[in-house]
Amino acid sequence: MTHEMPVAVVTGATRGAGRGIATALVARGWRVYGTGRSSGDTPDGVVPVQVDHRDDAAVAALFDRVSEDEGRLDLLVNNAAAVADELVSPKPFWEKPLGLADVLDVGLRSSYIATWHAAPLLIQPDHGLIAFTSSPGAVCYMHGPAYGAQKAGVDKMVADMAVDFRGTGVATVSIWMGILLTEKMRAAFAGNPEGLAQFSHHAETPEFTGHLIDALYNDPDLDTLSGHAVIGAELALRYGISDEDGRQPPSHRDMLGAPREPSTVVVR
């Protein structure tokens, strides 16, 4: 492992999970490049890069810049996703906007494109990590088929990329996040501190996943997790990490399901 300041790229770092992950990594001593469609909302300490992940050329330019500026890359966090407010509607998918299918482009395809460009940089050191943000929607019905296909696709992509990265020192891991206590969610409880406290007991701050990713990167047994989807709350117990105010977010394995175990068969 390197003793220099490690370098990370976090996609979708201007809000929600990505913003929290980038913030936590900076606090842990990382140099972080954070992408967003606008560069004005990037957290303090993060190098802002304006990238629309529908634009393959913009993604290529991002990694060219990291290569030129840093000459290395130690971590890629694939988090960018096109998630619209209508996603959580209880309506069947054909009564929701067709645009919800965009999550298959910015969310699944975009992760493949970012990893394709990042791979030559990641394999240069003797140690690297690609972390994907996912959820139990990979195995249970959650928000409809577009969201479910994206999460299931992310988990499968992690499994298959691990096969190709085998022997390079680069690991791929999908992290199932729990209910996120984002700024938007906190705002929804404005004037209701008791409700917020009750909700928070079952939720995770966006920064929580960032601390888990840092611990993953520094795990000497990281290769044993490569190719797998893991539940963030359970990973926290492995590393002795707690969330805001010392809370230990719960695993929702029994209620929502467990990550699928990938087959060991390789067909080339």
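Conventions adopted
- Residues numbered from 1 in each chain as written.
- Predicted model: local features only at pLDDT ≥ 70, side-chain atom pairs only at ≥ 80, totals over all residues.
- Heavy atoms only, no water.
- Pairing = 2+ DSSP bridges.
- Helix = DSSP H or I, 4+ residues; strand = E, 2+ residues; numbered from the N terminus.
- Axes fitted to C-alpha atoms, helices over the stretch in contact; angles between N-to-C directions.
- Contact = heavy atoms within 4.5 Å.
- 1 Å grid on protein atoms, 1.4 Å probe; cavity = no way out; pocket = protein on both sides within 12 Å on 5 of 7 lines; lining within 4 Å.
- Points joined across faces, edges and corners; volume = space filled by probe spheres on them.
- Nonpolar A, V, L, I, M, F, W, Y, C, P; charged D, E, K, R; others polar.
- Buried < 20%, exposed > 50% of the residue type's maximum accessible area, 1.4 Å probe, protein only.
- Expected span 1.5 Å × (residues − 1).
- Arc of directions from axis to C-beta.

Chemist: Any chance you could explain the sheet that holds strand E5 (residues 128-134) here in plain terms?
Modeler: Adjacent strands of a sheet form backbone hydrogen bonds with each other and so pair up, either parallel or antiparallel. Spatial strand order, E3-E2-E1-E4-E5-E6-E9: seven strands in an open sheet with parallel pairing. Where the open sheet ends on each side, the last strands, each with one partner, are strand E3 (46-50) and strand E9 (228-231). Strand-to-strand twist of the sheet, defined as the mean angle between neighbouring strand axes without regard to direction, takes the value 20°. The strands touched by helix H3 (residues 105-122) within the sheet are strand E4 (75-78), E5 and strand E6 (170-176), with E4 carrying the most contacts at an inclination of about 180°. The strands touched by helix H8 (residues 232-239) within the sheet are E6 and E9, with E9 carrying the most contacts at an inclination of about 80°.

Chemist: Help me understand empty space enclosed by the protein, please; the structure alone is not making it clear to me.
Modeler: If you roll a probe as big as a water molecule over the atoms, it shows you where there is empty space left. Tallied over the full model, the rule gives two cavities of 30 Å³ or more. Around the largest cavity, the lining comprises 13 residues; the ones closest to its centre are Pro136, Trp176, Met177, Ile231 and His252. When the residues that make up the lining of the largest cavity are grouped by side-chain class, the tally is seven nonpolar, four polar and two charged. In this structure, the second largest cavity encloses a volume near 40 Å³. Around the second largest cavity, the lining residues are Asn78, Asn79, Ala80, Ala81, Gly107, Ser111, Phe132, Thr133, Gln150, Lys151 and Val154.

Chemist: In this structure, what is going on with the side chain of Thr133? I would like to understand it.
Modeler: Note that Thr133 resides in strand E5. For Thr133, a relative accessible area of 5% translates into the label buried. Leave out the neighbours within four places in its chain, and Thr133 touches Ile21, Asn78, Asn79, Lys151, Val154, Ile175 and Met177.

Chemist: Please explain helix H2 (residues 56-70) as it appears in this structure.
Modeler: In an α-helix, one full turn covers 3.6 residues, which means residues spaced three or four apart are oriented alike. For H2, built from 15 residues, the straight-helix expectation of 21 Å at 1.5 Å per residue is met to within 8% by its first-to-last C-alpha distance of 21 Å. Val59, Ala60, Leu62, Phe63 and Val66 are the residues of H2 that are buried. Each buried residue of H2 sits inside an arc of 150° when the element is viewed along its axis, so together they form one side. Of the residues in H2, the exposed ones pointing more than 90 degrees away from the buried face are Ala57, Asp64 and Glu68. Buried residues along H2 sit in contact with strand E1 (7-10), strand E2 (31-36), E3, E4 and H3. Of the residues one or two after H2, Gly71 is the one with positive phi, at around 70°.

Don't take any of this as a statement about function, it's just geometry.
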